[in-house]
Amino acid sequence: MRAERVLAHFDEQAGFCAEYGSPFTAHLILRLRDDLAAGGPVAALVGDWPGNPRADVVALRLTGALHAAALTGRDAALAQTYPAAQTDWSMDEVWPAARAFLQRETDWVRDFIRSAPQTNETRRSIALLAAFLAFAREWRGPIDAYELGASAGLNLNWDRFHYRTRTWEWGRPSPVLIDTDWQAAPPSLDVRPNIRHRAGCDLNPLDIRDPAQRLQLKSYIWADQADRMARFDGAAELALQHNAQVERASADQWIAEKLAARAPDAAALVYHSVFLQYPPREVRAAIVDAIEQAGVRATPQAPLAWVRLEPEALTDGVEEGFRFVIDLITWPGRERRILGYTDGHVRTVHPA
């Protein structure tokens, strides 16, 4: 029964990868699926996966391990088959090398897949930016920013990225250029948030200063998406330059403590992206309660803003909803504005 659930997850995840523009990862996951069904090394690794394979994104743990082996040169033969070495890659060449690696390096792979994938997807910042700028238009004072589920802290530097679409552009020159198909109304481009302090938390933060952890984070990017890897490299450069650090903590306790001790002379900006579905239900409820309670205490001299990029199933209870909501909630007064809809990789932003 466990293996059947993993097989179903592999089929679904392969479809997601194909839809999100990664045929390489989609085809690789289908080969992993077939090997699991045939009782090969994949079956030995994840066939009796104890948790929910969909929630644990088991397929992406395995593709991350293989990409890490290619990026680090742990398997030179495998690296030579990957898109970075062969733009005209063939899965008929990739899979034999990948399967041999899984069979030979079982202990290393098993250790690698214990950790959940962290993508720290920088492109999500362009969706959040619309809400950040909307708030900055109303509040010109200092802002203390807090990111939940910050991973390695790449998106703590969102105001240091450069954003460009067909219809608008914002930001100073930067090693990180972010674009997307923006179909919603342009954000408020004539303001710049006054970020006084920035902090983030994560249950398992990765240290971007550690080359091994930096490569681990990069390995979760799909191997045939060179634009995402280029954005990652630029964001890692900024994180190193500005010494981005993420505290190891549970988000509910961390944000409750931060908001309880917040300064009386600055706005607090709480934000997160594609994060809220991962904590247990009781932790998620505690996060929401901590923010709502802080909102009650907000004043005109110390307002609170909550910016989210999360599935509408969570934000609005839309059953079977696949869109991601970009919204801004501000206090005092608790006003909510939906600024647009997108997907988990922010490939297109649609009007609200």
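Please refer to the structure placed before this passage.
Residues numbered from 1 in each chain as written. Predicted model: local features only at pLDDT ≥ 70, side-chain atom pairs only at ≥ 80, totals over all residues. Heavy atoms only, no water.

1. Here we look at the pattern of salt bridges
- Applying the stated criterion to the full structure yields 29 salt bridges.
- With its nearest N and O atoms 2.4 Å apart, the salt bridge here joins Arg137 to Asp190. With a gap of 53 residues between them, Arg137 in helix H8 (residues 125-138) and Asp190 in the loop between strand E5 (181-182) and strand E6 (194-202) connect regions that are remote in the sequence.
- Between Asp327 and Arg308 there is a salt bridge, with its nearest N and O atoms 2.6 Å apart. Note that Asp327 is positioned in strand E10 (residues 324-331) and Arg308 in strand E9 (residues 304-311), a separation of 19 residues in sequence. (Salt bridge = Lys/Arg side-chain N within 4 Å of Asp/Glu carboxyl O. Helix = DSSP H or I, 4+ residues; strand = E, 2+ residues; numbered from the N terminus.)

2. Points about unusual backbone geometry
- At the junction of Trp331 and Pro332, the peptide bond is cis and its omega measures out at 5° in the coordinates.
- Looking at the secondary structure, you find Pro332 in the loop between E10 and strand E11 (335-342).
- Its identity is not glycine, yet Ser151 carries a phi of approximately 55°, on the positive side.
- Turning to its location among the elements, Ser151 is positioned in the loop between strand E1 (142-148) and strand E2 (162-164).

3. With respect to the packing of aromatic side chains
- As enumerated under the stated definition, the model contains 11 aromatic pairs in all.
- Ring geometry for Phe24 against Tyr82: centres 4.8 Å apart, planes inclined by 65°, an arrangement best described as edge-to-face. Here Tyr82 lies in the loop between helix H5 (76-79) and helix H6 (91-104) and Phe24 lies in helix H2 (residues 23-37), a separation of 58 residues in the sequence. Accessibility classification places Phe24 together with Tyr82 in one group, the buried group.
- Judged by centre distance (5.7 Å) and plane angle (75°), the rings of Phe101 and Trp108 are edge-to-face.
- We classify Phe101 as buried; its relative accessible area is 0%.
- Given the relative accessible area of 24%, Trp108 is considered partly exposed.
- Lying over the aromatic face of Trp306, Arg308 brings its terminal NZ or CZ to 4.6 Å of the ring centre.
- Just above the ring of Tyr20 sits the side chain of Arg347; from NZ or CZ to the centre is 4.2 Å. (Phe/Tyr/Trp six-rings, centres within 6.5 Å; stacked < 30°, edge-to-face > 60°. Buried < 20%, exposed > 50% of the residue type's maximum accessible area, 1.4 Å probe, protein only. Lys NZ or Arg CZ within 6 Å of the ring centre and 35° of its normal.)

4. Brief notes about H8
- In this model, H8 (14 residues) spans 20 Å end to end at C-alpha, consistent with the 20 Å of a helix rising 1.5 Å per residue.
- Among the 14 residues that make up H8, 12 are buried, leaving the element largely enclosed by the rest of the structure.
- Within H8, burial applies to Ser125, Ile126, Ala127, Leu128, Leu129, Ala130, Ala131, Phe132, Leu133, Ala134, Phe135 and Ala136. (Expected span 1.5 Å × (residues − 1).)

5. Brief notes about the pairing of E6
- Here E1 pairs with E6 via seven bridges, running parallel. What sits directly across from Ile143, in E6, is Ile195. (Pairing = 2+ DSSP bridges.)

It is worth stressing that arrangement in space is one thing and function is another; only the former is reported here.
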